[in-house]
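# Coordinate inspection notes
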Amino acid sequence: MNQFDMPPAEFQRYGYEVVDWIASYLANVGDLPVLPDIQPGDLIDALPGSAPDDPEPMEQILSDFRGRIVPALSQWNHPRFHAFFANTASAPGILAEALAAAVNTNGMLWKASPGHVELEQVVLSWLRQWLGLPAEFFGEIMDTASTSTMQAIAAARVQADPELRARGARQGMILYSSEHAHSSIEKGALSLGIGQDNVHKIGVDAEYRMRPDLLKSTIASDRENGLTPFCVVSTVGTTSVSSIDPVAAVQRIAEEECLWHHIDAAYGGPAAILQENRWMLEGAERADSLVINPHKWLFTPVDCSVFYCRKPEMLRRAFSLVPEYLRTDQHERAVNFMDYGFALGRRFRALKLWFIMRYFGRKKIEEMLRYHIALAHELTGAVTADPRFEVAAPTTLSLVCFRYRGTDDENKQIIERLNKSGFTFLGGNVLDGRFVIRYAIGNIATSREDVVAVWERIQEAAALLDSASRVTSTAL
Ligand code: PLP
């Protein structure tokens, strides 16, 4: 028996206790405040400044978790968490996370854990089929879309400049994305030394979609100026408004101009599983790479970002470097994931995706996605019907952007009032120079009743602003 770790009987006892707690938490999280009533530094001040020298009882550790840590958390699994892109740690995903921690594999090499590596291949082949992508797409699971996209940009650059690996980066290599692309594109470029000035943002149309004509003309003028275009990133489901860039048109330009085309479908990708949304990924089958985040809208606990690449040889060119201690026998079917990315160590993230895809099946997942999209459209309808509000951008997926027809400050007051109440967590953004309320739907627990109740509270907050402004104008 292991002389140092927790004895099995104790593990079993606390294991049951933890599972009981999780079950009760998931059932009742909707009764907790979505945001904690906490000031910066409060938790740091409440916890000991240094770790214990002697063992502490598990009862105490669990009690502190429940009593000190949980109340200081924002409840991401709350049905009325509508900020950022709302997401879900679904029950099968949570169970799989526990099991992944138990077996504790590192899938860097096939030899390091064959089952881990092969399950990742199986599950990514399943997801690829759901998305209608062709079999030549190589898939790997990363921590975040930021990492996936950075790897795509690295592969794109080494394709355009094969000497880069030995010589180092060349200047004047240009990357394109729309003005509404996520900051991770620019951050990827920053991290790779491409330079912020070399990320050229392409203007959008009235529905916030990248304009292919502007992409084409910008590439032409960059070439005239002696620059080297090498990559374009289109987005399926932008962070600001969930707009869908015209993937097929961008793909055609990428082919004409010999650019790498990476698709950021981190948030919107799951929607393309639905037959009625297949058009969103039209052209993606010929693209070079694509990222989709199951940890956003596929009910998977953070972290799980799926990166598909049609040219794995470019990933190898960018990243493969094998020290002697990691050298293993070559076998056609044995994938060594460490050759296809920056990180060596890799968590067993495939397990939770496998659990989730099996537990819900395609039909249930489609039902949940459609439900969220329908809720977003219903909310959009309610906003449109209230003359005090306006919809700020078309609702394409499960994000609704709208504003109270008042000042930016008044819109911020509405959000602040609701967020302070603990009832919900709404986000904000600046769109076309105006502050807008950003309402994201994506948690498995969100019901129509939740959306209706939050909307009623938003209307109440607006009514308070209306009456405040009436008092002010009467006083004047
Ligand atoms: N791409 C889009 C469209 C996003 O909305 C986000 C985050 O919200 C990201 C990329 C970055 O995702 P991650 O946190 O996985 O890096």
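Residues numbered from 1 in each chain as written. Predicted model: local features only at pLDDT ≥ 70, side-chain atom pairs only at ≥ 80, totals over all residues. Heavy atoms only, no water.

In this section: the overall build of the protein chain. Summing up its helical and strand segments, the protein chain has 15 helices and twelve strands in all. Here the C-alpha radius of gyration of the protein chain, 24 Å, is about what a compact globule of 476 residues would show, namely 23 Å. Structurally, the protein chain occupies a C-alpha span of about 75 × 70 × 45 Å along its principal axes. Taken across its 476 residues, the protein chain has 50% of its residues classed as buried. Surface accessibility of the protein chain: about 22500 Å² in total, with carbon and sulfur atoms responsible for 55%. The protein chain carries 46 positive and 59 negative side-chain charges, and their two centres are separated by 4 Å. (Helix = DSSP H or I, 4+ residues; strand = E, 2+ residues; numbered from the N terminus. Rg over C-alpha atoms; globule rule 2.2 N^0.38 Å. Buried < 20%, exposed > 50% of the residue type's maximum accessible area, 1.4 Å probe, protein only. Areas by Shrake-Rupley, 256 points an atom, 1.4 Å probe, with all protein chains shown as cover. Lys, Arg positive; Asp, Glu negative; His and termini not counted. Charge placed at Lys NZ, Arg CZ, Asp CG, Glu CD.)

To continue, consider the site of the ligand. Taken together, 13 residues surround the ligand, and among them A145, S146, T239, D264 and N293 come closest. A distance of 2.8 Å separates an oxygen atom of the ligand from a polar atom in the side chain of T239. Between an oxygen atom of the ligand and a side-chain N or O atom of H295, the distance comes to 3.3 Å. In the complex, 87% of the free accessible area of the ligand, which totals 390 Å², lies under the protein chains. Elements with a contribution of two residues or more to the shell around the ligand: α6 (145–160) and α11 (294–297). When grouped by side-chain class, the residues that make up the shell around the ligand number three nonpolar, eight polar and two charged. (Near = heavy atom within 4 Å. Polar contact = N/O pair within 3.5 Å; in protein donor to acceptor, adjacent residues only side chain to side chain. Nonpolar A, V, L, I, M, F, W, Y, C, P; charged D, E, K, R; others polar.)

Now for unusual backbone geometry. Omega for the peptide link from V302 to D303 comes to 10°, which places this bond in the cis form. Looking at the element boundaries, D303 is found in the loop between α11 and β8 (305–309). The phi dihedral of D432 falls on the positive side, at around 50°, and the residue is not glycine. Secondary-structure assignment places D432 in the loop between β11 (425–431) and β12 (434–440).

Before going further, it helps to examine the sheet that holds strand β7 (residues 289–292). Strand order across the open sheet formed by seven strands is β2-β8-β7-β6-β5-β3-β4, with mixed pairing between neighbours. With one partner strand each, in any of the chains shown, β2 (138–142) and β4 (199–202) form the two edges of the open sheet. Taken over all neighbouring pairs, the strand axes of this sheet differ in orientation by 20° on average, direction set aside. Bridge count for strand β5 (residues 228–235) against strand β6 (residues 260–264) is five bridges, and the pairing is parallel. Each residue of the ladder has a partner; that of V232, found in β6, is H261. Across the sheet, helix α5 (residues 114–131) is in contact with β2, β7 and β8; its angle to β8 comes to roughly 75°. (Pairing = 2+ DSSP bridges. Axes fitted to C-alpha atoms, helices over the stretch in contact; angles between N-to-C directions. Contact = heavy atoms within 4.5 Å.)

Moving on, we come to the packing of helix α9 (residues 212–224) against helix α10 (residues 247–257). Across the interface, α9 lies against α10 with an axial gap of 9 Å and an inter-helix angle of 20°. Compared by their axis directions, α9 and α10 come out roughly parallel. Crossing handedness for the pair α9 and α10: right-handed. Residue-level inspection shows P212, L215, K216, I219 and R223 of α9 in contact with α10, the latter providing A249, V250, I253, E256 and E257. (Parallel < 35°, antiparallel > 145°, perpendicular 65-115°, else oblique. Left-handed = near helix turned anticlockwise from the far one by under 90°.)

So, about the side chain of N198. Here N198 lies in the loop between α8 (183–191) and β4. A relative accessible area of 14% places N198 in the buried class. For N198, the side chain forms a polar contact with the main-chain oxygen of I194, separated by 2.7 Å. Aside from chain neighbours lying at most four places away, what touches N198 is G172, M173, I174 and L175.

Once the domains are mapped, the protein chain shows domain 1 (106–347) and domain 2 (356–475). One C-alpha centre belongs to domain 1, the other to domain 2, and the line joining them spans 31 Å. At the junction of the two partners, domain 1 supplies 30 residues and domain 2 supplies 27 residues. A per-residue breakdown of the area domain 1 buries against domain 2 is headed by W130, W297 and F299, which together make up 32% of the total. At the boundary of domain 1 with domain 2, the tally comes to one salt bridge. E276 is the salt-bridge partner of R370, the closest N and O atoms lying 2.7 Å from each other. Broken down by element, the side of domain 1 that touches domain 2 gets its largest block of residues, four residues, from α5. For the side of domain 1 that touches domain 2, the residue count by class is 17 nonpolar, ten polar and three charged. (Domains from an automatic or database assignment. Buried area = accessible area lost by both parts, 1.4 Å probe. Salt bridge = Lys/Arg side-chain N within 4 Å of Asp/Glu carboxyl O.)

This paragraph deals with the environment of L399. Within the secondary structure, L399 is located in strand β10 (residues 399–404). Classification of L399 by relative accessible area gives buried; the value is 1%. Once the C-alpha coordinates of L399 and E257 are considered, the two residues, 142 residues apart in sequence, prove to be 33 Å apart.

Positionally, P387 belongs in the loop between α13 (350–385) and β9 (389–391). The sequence separation of P387 and P71 amounts to 316 residues, and the corresponding C-alpha distance is 38 Å.

Here we take up the packing of aromatic side chains. Scanning the model with the defined rule gives 19 aromatic pairs in all. On the numbers, 6.3 Å between centres and 45° between planes, the contact of F81 with F84 is tilted. A residue is classified by how much of its surface remains accessible, and F84, at 47% relative accessible area, is partly exposed. Each member of the aromatic cluster is reached from another via a ring pair, and the members are W76, F81, F84 and F425. (Phe/Tyr/Trp six-rings, centres within 6.5 Å; stacked < 30°, edge-to-face > 60°.)

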